[in-house]
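Below are the chains, spelled out letter by letter.
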Amino acid sequence: MKATHVYSLLALAAGAAVAPQMANAQQPVYTSETVSVSEFSCDPKTHYSSNWRDNWFIQLGAGINQPFVERTLTDKDPSHAIDRKKMTVTYNFGFGRWFSPYLGFRINALGGAMHWDTPTPDQPLNGWSRGKHVNLNAELMWDMFNTFGGVNSDRVFSIIPFVGIGGDYMWDIRDASGVHVPAATNIYRTNSDKLKTSSWSLPVTAGLQFRFRLCEYVDFFAEARASFMGDNWNNVAYGDAIEANVAVLGGFNFNIGGRNWNEYNECASLSQIAALNGEVNALRAQNLAADAAIAELQSQLPCPEAKTTVIKRNDCVNAPLMTTVRFSIDSAVISPEEEVNVYNMAQWLKDNPDQNITIVGYADKDTGTSEYNLQLSKERAEAVRDQLVNKYGINANRLTVKYDGSNVQPYSTNNWNRIVIFTQPE
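This write-up is about the structure you can find in this document. Keep in mind that what you see is a predicted model, and the values were worked out from it rather than measured.

**Structural notes on helix α5 (residues 370-390)**
For α5, with 21 residues, the first-to-last C-alpha span of 30 Å sits near the 30 Å given by 1.5 Å per residue. Along α5, the positions that sit buried rather than exposed are Asn373, Leu376, Ser377, Arg380, Ala381, Ala383, Val384 and Leu388. Looking down the long axis of α5, one finds its buried residues gathered within 145° of arc, a one-sided arrangement. Within α5, the exposed residues directed more than 90 degrees away from the buried face are Glu371 and Asn390. Along its buried surface, α5 packs onto β14 (324-326), α4 (336-351), β15 (357-361), β16 (399-403) and β17 (419-423).

Structural data, given as structure tokens:
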């Protein structure tokens, strides 16, 4: 009887030892890779650029001007006073280009007749003078509203201060009769005893332009400007050391090609990439859940023999290549932010030594010509290939370079097409 109890206990012990092993034989061991997302710093500032053909303008206008010259006999003399008799018509032509939404330049010309009054102690009633002049300036322009109110090509009203330097030529300087040299003239021709009837000056100009947008291609402008010259401007050298010519103009700007700017914000691009990475991670999470469900169902199947089943997840092999490398406008240089994507592709190639890839370069169609963009896309694709070969040791025979320039646009958003995309050869 006692022996029977002993054998029963041994059988129970053996069954208890075997049961966990059988259970483990029916429970697959599941492993998965950890998906992580790295964060990178970026420049939050929006950068603007344009094709060299855009943002040119031609300016046509007319107005009035009045010179302010020497203070002569007494403080009551009218030399510096605003006088309608001294106001004459002036004509304006200019052209220039806005090379950013904030700064531009123009070559500006004004010309017409001039009237002024410079009496002398000997001839106090014979100071009335006249002449003709033309003024040519190179001027720097600043769009205040784009600077402080944000860039807006459709803004209706803008204030534009400007400064410049150039040359002024005055000729046919005569008195009221139109025959004689003005009585106040005291500058002589070089190596001669004859009085000058013309002069050259180097003026400094400053002013304000008020611009009203009529449509994409035409603006109306009103402008107030003053040019400051030396004392010899009208061939009369006494009184104030600085003389001035003040003008008020109105006219039209004709914008060649309109006002167009391409925008690039590094953070916005990274945000779009982060969103795509988020979608990839969501799909990976769904795959993990599906694999876990499959493993659970497999654990319920009858197991003919006690063995351990290991399911190892490898997302990368034969999967679509999600990594891309983005570039700044008109650049084939891989930025530090995009270096991580080149690294990821190098790791994929090392993990899949039997796989080859095609490196396809693109360029956006709104910047540069088709020929230029084809060369730029080639340089971008070659830059990525060289980085994979030289920095990460990938065999160049596994890499094929292709470039489509701006003839093919993989994305509908223009700025996204400054990119290199990896594909697997068919």
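**Topic: the pattern of salt bridges**
Applying the stated criterion across every chain yields a total of 12 salt bridges. Taking the shortest distance from any N to any O, the salt bridge between Glu139 and Arg106 comes out at 2.6 Å. Here Arg106 lies in strand β5 (residues 103-117) and Glu139 lies in strand β6 (residues 128-142), a separation of 33 residues in the sequence. Looking at Glu139, the relative accessible area reads 3%, which means it is buried. Given the relative accessible area of 0%, Arg106 is considered buried. Put simply, Arg213 and Asp154 hold a salt bridge, and the shortest N to O gap is 3.3 Å. With Arg213 in strand β9 (residues 204-213) and Asp154 in the loop between α2 (144-149) and β7 (157-175), this pair connects stretches of sequence that are 59 residues apart. Its relative accessible area of 22% is what places Arg213 among the partly exposed residues. Residues joined in a network through salt bridges with shared partners are Arg106, Glu139, Glu223 and Arg225.

**Things to note about the packing of aromatic side chains**
Tallied over the full model, the rule gives 11 aromatic pairs. Look at Phe212 and Phe220: their rings are 6.2 Å apart centre to centre, the planes differ by 40°, and that puts the pair in the tilted class. On the basis of relative accessible area, Phe212 is assigned to the partly exposed category, the value being 33%. Put simply, the rings of Phe145, Phe157, Phe210, Phe212, Phe220 and Phe252 pair up and form one aromatic cluster.

**Structural notes on the pairing of β5**
Pairing analysis gives 9 bridges linking strand β4 (residues 88-98) to β5, with the strands arranged antiparallel. Bridge pairing links Asn92 to Leu110 in β5. With antiparallel pairing between neighbouring strands as the criterion, β4 and β5 make up a hairpin whose turn holds 4 residues. Where β5 lies against β6, 15 bridges are found, and the strand directions are antiparallel. From the neighbouring strand, Gly111 faces β6, where its bridge partner is Val134.

**So, the sheet that holds β16**
With mixed pairing, the 4 strands of this open sheet are ordered in space as β14-β17-β15-β16. Strand pairing shows two members of the sheet lacking a second neighbour, β14 and β16, which therefore form its edges. Pairs of neighbouring strands in the sheet enclose a mean axial angle of 20°, with direction left out of account. Bridging between β15 and β16 involves 5 bridges; their strand directions are parallel. Its bridge partner lying in β16, Val360 is registered against Lys402. Along the sheet face, α4 touches β14, β15, β16 and β17 and points at about 160° away from the line of β14. Strands β14, β15, β16 and β17 of the sheet are contacted by α5, whose axis makes an angle of about 165° with β16.

Conventions we followed
- Residues numbered from 1 in each chain as written.
- Predicted model: local features only at pLDDT ≥ 70, side-chain atom pairs only at ≥ 80, totals over all residues.
- Heavy atoms only, no water.
- Helix = DSSP H or I, 4+ residues; strand = E, 2+ residues; numbered from the N terminus.
- Expected span 1.5 Å × (residues − 1).
- Buried < 20%, exposed > 50% of the residue type's maximum accessible area, 1.4 Å probe, protein only.
- Arc of directions from axis to C-beta.
- Contact = heavy atoms within 4.5 Å.
- Salt bridge = Lys/Arg side-chain N within 4 Å of Asp/Glu carboxyl O.
- Phe/Tyr/Trp six-rings, centres within 6.5 Å; stacked < 30°, edge-to-face > 60°.
- Pairing = 2+ DSSP bridges.
- Axes fitted to C-alpha atoms, helices over the stretch in contact; angles between N-to-C directions.

Taken by themselves, the reported measurements are silent on function.
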